2 protein chains.
Amino acid sequence: MPLLDWCRHYDRATLAQDVGAALIVTLMLIPQSLAYALLAGVPPEVGLYASILPLVAYGLFGSSRTLSVGPVAVLSLMTASTLGQLQLEGVHYLNGALALALMSGGWLLLFGLLRLGFVAHFISHPVMSGFISASALLITLSQLGPLLGVRLEGHQLMALATLLTQRDALTLATLAISAVSLLMLLWARYRLQAMLLRLGVGKAVSTALVRLSPALLVVVAILLSRALDLETLGVALVGEVPAGLPAWSWPRWSALPWRALLLPSLLLALVGFVESVSVGQTLAAKRRQRISANQELIGLGVANIAAGLSGGMPVTGGFARSVVNFDAGAQTPAAGIYTAVGIGLAGLWFAPWLSALPKAVLAATIVVAVLGLLDWRQFHHTWRYSRTDFVALALTFLVTLVVNVELGLLAGIAASLLLHLYHSYKPHWAEVGLIAGTEHFRNRLRHRVELDKSLLCLRVDESLYFANAGQLEDIVATLVSVRPEVRHLVLQCSAINRIDASALDSLLMINARLQLAGIGFHLAEVKGPVMDRLQQSSLLDSLHGQVFLTMYQAWNGLTTQPEYVI
Amino acid sequence: MPLLDWCRHYDRATLAQDVGAALIVTLMLIPQSLAYALLAGVPPEVGLYASILPLVAYGLFGSSRTLSVGPVAVLSLMTASTLGQLQLEGVHYLNGALALALMSGGWLLLFGLLRLGFVAHFISHPVMSGFISASALLITLSQLGPLLGVRLEGHQLMALATLLTQRDALTLATLAISAVSLLMLLWARYRLQAMLLRLGVGKAVSTALVRLSPALLVVVAILLSRALDLETLGVALVGEVPAGLPAWSWPRWSALPWRALLLPSLLLALVGFVESVSVGQTLAAKRRQRISANQELIGLGVANIAAGLSGGMPVTGGFARSVVNFDAGAQTPAAGIYTAVGIGLAGLWFAPWLSALPKAVLAATIVVAVLGLLDWRQFHHTWRYSRTDFVALALTFLVTLVVNVELGLLAGIAASLLLHLYHSYKPHWAEVGLIAGTEHFRNRLRHRVELDKSLLCLRVDESLYFANAGQLEDIVATLVSVRPEVRHLVLQCSAINRIDASALDSLLMINARLQLAGIGFHLAEVKGPVMDRLQQSSLLDSLHGQVFLTMYQAWNGLTTQPEYVI
């Protein structure tokens, strides 16, 4: 348990820093928790509950010093999408949210105990980025309802259409609140700090103020809402938030299509893990700390199980709040535990106040928060760097946006695996020659190299396995047929990392054919592991040629005609 | 159409050779066709019909000069297994066989027109060999019934059990016929030729006689069966074989669960194609001819469609008969067409005679024929060469044997793809050093090399992509943490054939971390295609080091302390 090694030297200074950070994160977390509960379609208090016990659980089992867990935008969207597709209503919907938290917690814990931290790697960066961007768009669309004060039905894209039919339902008050909130938040986000600095406010303080602006907005909104009795003006409020601490909870499995939740909960677990680990690694790197993927799986698993057992919803390490926690000087996971206490007290004392908060304000905070997740530059960079990766990114983005988040993610993962296989199926190859003045051999088409009429040096840039073994046979057959003067063929194996049984058969076939054609077949720069395998085969005995340590030795050993430069 | 180029110079000599070969193949094909029809569970004449029009069709469209198509053991087994699982009976069963031939023909033609010849590569050699061996066992088991003259129900492995319950059903006559047939065939196969040669018979003639021994056995069996009226002794005979030529046929789709046939027909097509292409390539190579995978797809596709339209069953290029055709001196596909004529005439004139043939004799010919397909040595070789390939082989073998042929093949294909991915996920890496007297760098653990305390040369033996990108970060982090004296890290990229967007992010991360640690990050021997991509990225600009053409130049440029030998 990581707990042990930071507990030992926990002194007053650390305590002070942790408590300070906890205070700021608490203030930031209260509106966020309510907002993401709204987004997930569960009662507001569920968001608060998900920010209490899970934080303690992660504090005890997680490996990151500064990660701050709780409800996050993308997981809330996935929760809403999953439970929406199952058409669960009211108490069953809440029941489903609990089950999702417990099940994804179970998956994470299972992977952690089996030390399967690597599963995260199978969501490639382009897939993740396409998924996050599409999610951000979906989240924004889903908040149009609360922002405009109308109920939008069906898929988020359809919702836009239904919007037109509801012009009359729009209420001026709601529109005004939304507009003001959005403007204030955007202003705070992009202008406030510069202004404060100009006014001579310290960097730390101004940063904190910017981070707390949503909380301030919420306080102001609550006061106004009560003073002006906005509800009578047709403004939708958060409504009754029961005061008190979360109670023990357990989903009623009998009332649930829990089999249908197996896959969605697995995807929730994966996305939560990938997001959390990337945040954790970034922050850990800044302080020369390391986090253990497997320990993270356990920490997040226990946190989600805690959420499911205390009336919460799926949680993971959030980016924004972790950065705040980090900047505010949190030193140990204890900060998370103090934050939990803070949220608990808030739940006890301020819950009744929150009921007066207009939903539009929360919607505005969500929209401004997810704006940062939309990363169009990534689309551009990926397109420039690799069309293949762009295909995976675009596919994930489109399927997520148009169909749903589960399919979007699955399509992305499948596509990136298939594209990877496709690449290795048609290997890149080059005829190589000696670069004058060195012992180095490179592609004759890219470098000025020495060649030998009777000596064909071939480099194949791929491990040889069943899918591309046939290609090599064709390449050699073609090259030899167009170069009747060739007496020796040297295969440079520096890029061949593996030769499977099918490819071994192809090499034997090539060897046999070259022998019939009176052409020597030589290998050079064979890697140790590959050589170990070949020694277990009949190739080396039947080889109609030699195995050279280096291409240069092969060249010296086999070159016959005076070399000439091309 | 390949037809055109051999037609042009078709002279009398070629005609004579083709007709001679056709004669021998015809005699060999008649019992085979009946036997494989029996194996597939269709009436005997279906086997004959499948050996007429399809041969003509392949002769016109196929690219191999000597391949002889027709019913083969493995496809007959797959047909029986598929139709058996669908519990089709009588006319519906025959209907299903026609549909399978048409549909697999359709798949083959489709792949051929789309030039997807490479699909064959996705069945790896170990998978194919495990599949063939298991099929051979299943076929042998399936022939126990006819050999013992009892009806065996259920899965072939179960059948063995039911055997014990039917001791009383055994008839002496059938057992005697089976025993004699098996002994004669085995003797002919393993002893006859040596004896004939000792008697001074020519090689060609003796070979032909050995190959025709099954046909001779059939003739003898028919004569005996008529003379002794074996049927009255309780011997099961082939029964009524209608004389005449195949009639036009078209499956009654309405009466078929044709959707359930889509996957099985695809697998039939794949297996038939892989088997046929490997035979065709072996024979073509012997005569310095080449066959085109895509043309083969078209030829086999048309042949199967012809089979489906003329009351036949799925066909492909068979090994045994193609070898006979080749040895007997067939020069062009015309030989196949003459064979078709031969079978046609046989169907017209000898059909009534065949009815008296005991099934036990056909079963014996099948068993002896498939014995050659059982390849235990392959198990041993694969085990020795690569455990991974052995897993794929063993899995295919077991699932095929215990569950069914479709699943066996699918499991094998899936396993080999996943195992391939698994290999690239944990890349092999090595710290390399300079081999004295050369400019070549190799693994310090395998070779005696020069090293430099302050210079860490790392070679990673895998393309870098999303699944293994994280690994590289860990490897570098670990190496650097245990070697505080390192000032420069050189990544030898000779084995890196691709760097995808996720791996690019990892390299940027590694570069940033090394920079913070004051360690130079250099690349050497980057391949052209990889460099082209990197130039589209920000890595080269932000690189805290240089890109060297060769490791040796990096070594000369960066080595500081006097080199010492380890």
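Only a predicted model underlies this, so the values are computations on that prediction, with no experimental measurement involved.

### Structural notes on the interface of chain A and chain B
And step 1. Contact residues are listed per partner, giving 65 residues for chain A and 65 residues for chain B.
And step 2. Of the roughly 5900 Å² buried between chain A and chain B on both sides combined, carbon and sulfur atoms contribute 55%.
And step 3. Of the charged contacts in the structure, one is a salt bridge between aspartate 461 of chain B and lysine 527 of chain A, with a shortest N-O distance of 3.2 Å.
And step 4. The interface formed by chain A and chain B contains 27 residue pairs in polar contact (both at pLDDT 80 or more).
And step 5. Of all the elements, helix α20 (residues 405–425) of chain A adds the most residues to the side of chain A that touches chain B, at 7 residues.

### Examining helix α18 (residues 376–385) of chain B
And step 1. Residues of α18 of chain B that are buried: Phe379, Thr382 and Tyr385 of chain B. Looking straight down α18 of chain B, one finds its buried side chains confined to an arc of 140 degrees; they lie on one side.
And step 2. Against α22 (501–516) and α23 (528–534) of chain A together with α7 (125–142) and α19 (387–402) of chain B lie the buried residues of α18 of chain B.
And step 3. The N-cap residue of α18 of chain B is aspartate 375 of chain B: its side-chain oxygen and the backbone nitrogen of arginine 377 of chain B are 3.4 Å apart.

### Considerations on the UniProt feature "domain: STAS" (unreviewed entry) in chain A
And step 1. Mapped onto this structure's residue numbering, the UniProt feature "domain: STAS" (unreviewed entry) falls at residues 445–558 of chain A.
And step 2. Measuring from the first to the last C-alpha atom of residues 445–558 of chain A gives 22 Å, for a span that is 46% helix and 19% strand.

### Observations regarding the nonpolar core
And step 1. Counting residues in hydrophobic clusters, the biggest one holds 107 residues, and the most contacted among them are Val42, Met78, Val271 and Leu357 of chain A.
And step 2. With 12 residues, helix α12 (residues 258–286) of chain A is the single largest residue contributor to this core.
And step 3. Discounting chain neighbours no more than four positions away, the residues touching leucine 357 of chain A are Leu34, Val218, Ala221, Ile222, Leu237, Val238 and Leu362 of chain A.
And step 4. If you look at the next biggest cluster of nonpolar residues, it comprises 106 residues, including Val46, Ala99, Ala173 and Ala394 of chain B.

### Structural notes on the pairing of strand β7 (residues 488–492) of chain A
Residue and element names in this part refer to chain A.
And step 1. Where burial is concerned, most of β7 is hidden: 4 out of the 5 residues are buried.
And step 2. Both strand β6 (residues 455–461) and β7 contribute to a ladder of 5 bridges, which runs parallel. Paired with arginine 459 across the strands is glutamine 492, a residue of β7.
And step 3. Crossover connection from β6 via helix α21 (residues 466–482) to parallel β7: handedness right-handed.
And step 4. Bridge analysis of β7 against strand β8 (residues 520–524) gives 5 bridges, and the strand direction is parallel. The residue of β8 that forms the bridge with glutamine 492 is alanine 524.
And step 5. In this fold, β7 hands off to α22, which returns the chain to β8; that crossover is right-handed.

### Considering unusual backbone geometry
Residues and elements named next belong to chain B.
And step 1. Although it is not a glycine, arginine 115 sits at a positive phi angle of roughly 55 degrees.
And step 2. For arginine 115, the position within the fold is in the loop between α6 (90–113) and α7.
And step 3. Backbone geometry at glutamate 525 places phi at a positive 60 degrees, although glycine is not the residue there.
And step 4. Among the secondary structure elements, glutamate 525 is positioned in the loop between β8 (520–524) and α23 (528–534).
And step 5. A residue is classified by how much of its surface remains accessible, and glutamate 525, at 13% relative accessible area, is buried.

### Things to note about the pairing of strand β6 (residues 455–461) of chain B
All names here are of chain B.
And step 1. Counting buried residues along β6, 7 of its 7 residues qualify, which places the element largely inside the surrounding structure.
And step 2. Burial along β6 is two-sided: the face carrying Leu455, Cys457, Arg459 and Asp461 and the face carrying Leu456, Leu458 and Val460 are both buried.
And step 3. Pairing between strand β3 (residues 428–435) and β6: 4 bridges, direction antiparallel. Looking at the pairing, glutamate 431 lines up with leucine 458 of β6.

### Notes on the side chain of asparagine 325 of chain A
And step 1. One can find asparagine 325 of chain A in helix α14 (residues 319–327).
And step 2. Look at asparagine 325 of chain A and you get buried, because its relative accessible area is 3%.

### Let's talk about the environment of alanine 284 of chain B
And step 1. Relative to the helices and strands, alanine 284 of chain B resides in helix α12 (residues 259–286).
And step 2. When the C-alpha positions of alanine 284 of chain B and valine 238 of chain B are compared, they lie 37 Å apart, and in sequence the two are 46 residues distant.

### Some thoughts on the packing of aromatic side chains
And step 1. Enumeration according to the criterion identifies 22 aromatic pairs over all chains in this entry.
And step 2. Between tryptophan 250 of chain A and tryptophan 253 of chain A, the aromatic rings sit 6.0 Å apart at their centres with planes inclined by 75 degrees, giving edge-to-face as the arrangement.
And step 3. Ring centres of tryptophan 376 of chain A and phenylalanine 379 of chain A lie 5.3 Å apart, and the angle between their planes is 50 degrees; on these two criteria the pair is classed as tilted. In this pair, tryptophan 376 of chain A and phenylalanine 379 of chain A are both assigned in helix α18 (residues 376–385), 3 residues apart and thus about one turn of the helix distant.
And step 4. What makes tryptophan 376 of chain A partly exposed here is its relative accessible area of 46%.
And step 5. Aromatic rings pair up to connect Phe122 of chain A together with Tyr422, Tyr425, Tyr465 and Phe466 of chain B into one cluster.
And step 6. In this structure, arginine 226 of chain B packs its charged tip against the face of tryptophan 353 of chain B, placed 4.6 Å from the ring centre.

### Some details on the state of the cysteines
Note on terminology: a disulfide is the covalent bond linking the sulfur atoms of two cysteines.
Residue and element names in this part refer to chain A.
And step 1. Considering all chains together, one arrives at 0 disulfides over all chains under this definition.
And step 2. With no disulfide of its own, cysteine 457 lies 12 Å from the sulfur of cysteine 493, the closest cysteine sulfur.
And step 3. The class for cysteine 457 is buried, based on a relative accessible area of 3%.

### Notes on the relation of the copies chain A and chain B
And step 1. Rotating chain A by 180 degrees and moving it 0.0 Å along the rotation axis overlays it on chain B with an RMSD of 0.1 Å. Classification of the inter-copy transformation places it as that of a two-fold axis. In terms of proximity to the rotation axis, the leading residue of chain A is alanine 495 of chain A, whose C-alpha is 2.0 Å off the axis.
And step 2. In this assembly, 100% of the residues forming the interface of chain A have copies in chain B that are likewise at the interface, indicating an isologous arrangement.

### Overview of the packing of helix α2 (residues 12–40) of chain A against helix α11 (residues 203–228) of chain A
Residues and elements named next belong to chain A.
And step 1. In the contact formed by α2 and α11, the axes pass within 8 Å of each other and the chain directions differ by 45 degrees. Taken together, the axes of α2 and α11 lie oblique to each other. Considering how the two elements wind past one another, α2 and α11 form a crossing that is left-handed. On α11, the residues touching Ile24, Leu27, Met28 and Pro31 of α2 are Ala208, Arg211, Leu212, Ala215 and Val218.
And step 2. Residue composition of the contact of α2 with α11, grouped by class: 8 nonpolar, no polar and 1 charged.

Each value, and the rule that gives it
- Residues numbered from 1 in each chain as written.
- Chains lettered and ligands numbered in written order.
- Predicted model: local features only at pLDDT ≥ 70, side-chain atom pairs only at ≥ 80, totals over all residues.
- Heavy atoms only, no water.
- Contact = heavy atoms within 4.5 Å.
- Buried area = accessible area lost by both parts, 1.4 Å probe.
- Salt bridge = Lys/Arg side-chain N within 4 Å of Asp/Glu carboxyl O.
- Polar contact = N/O pair within 3.5 Å; in protein donor to acceptor, adjacent residues only side chain to side chain.
- Helix = DSSP H or I, 4+ residues; strand = E, 2+ residues; numbered from the N terminus.
- Buried < 20%, exposed > 50% of the residue type's maximum accessible area, 1.4 Å probe, protein only.
- Arc of directions from axis to C-beta.
- UniProt positions renumbered as here; feature names shortened; annotations may be inferred.
- Core = buried A, V, L, I, M, F, W, Y, C linked by side-chain atoms within 4.5 Å.
- Pairing = 2+ DSSP bridges.
- Right-handed = clockwise from strand over helix to strand, strands pointing away.
- Phe/Tyr/Trp six-rings, centres within 6.5 Å; stacked < 30°, edge-to-face > 60°.
- Lys NZ or Arg CZ within 6 Å of the ring centre and 35° of its normal.
- Disulfide = S-S within 2.5 Å.
- Least-squares fit on C-alpha atoms with pLDDT ≥ 70 in both.
- Axes fitted to C-alpha atoms, helices over the stretch in contact; angles between N-to-C directions.
- Parallel < 35°, antiparallel > 145°, perpendicular 65-115°, else oblique.
- Left-handed = near helix turned anticlockwise from the far one by under 90°.
- Nonpolar A, V, L, I, M, F, W, Y, C, P; charged D, E, K, R; others polar.

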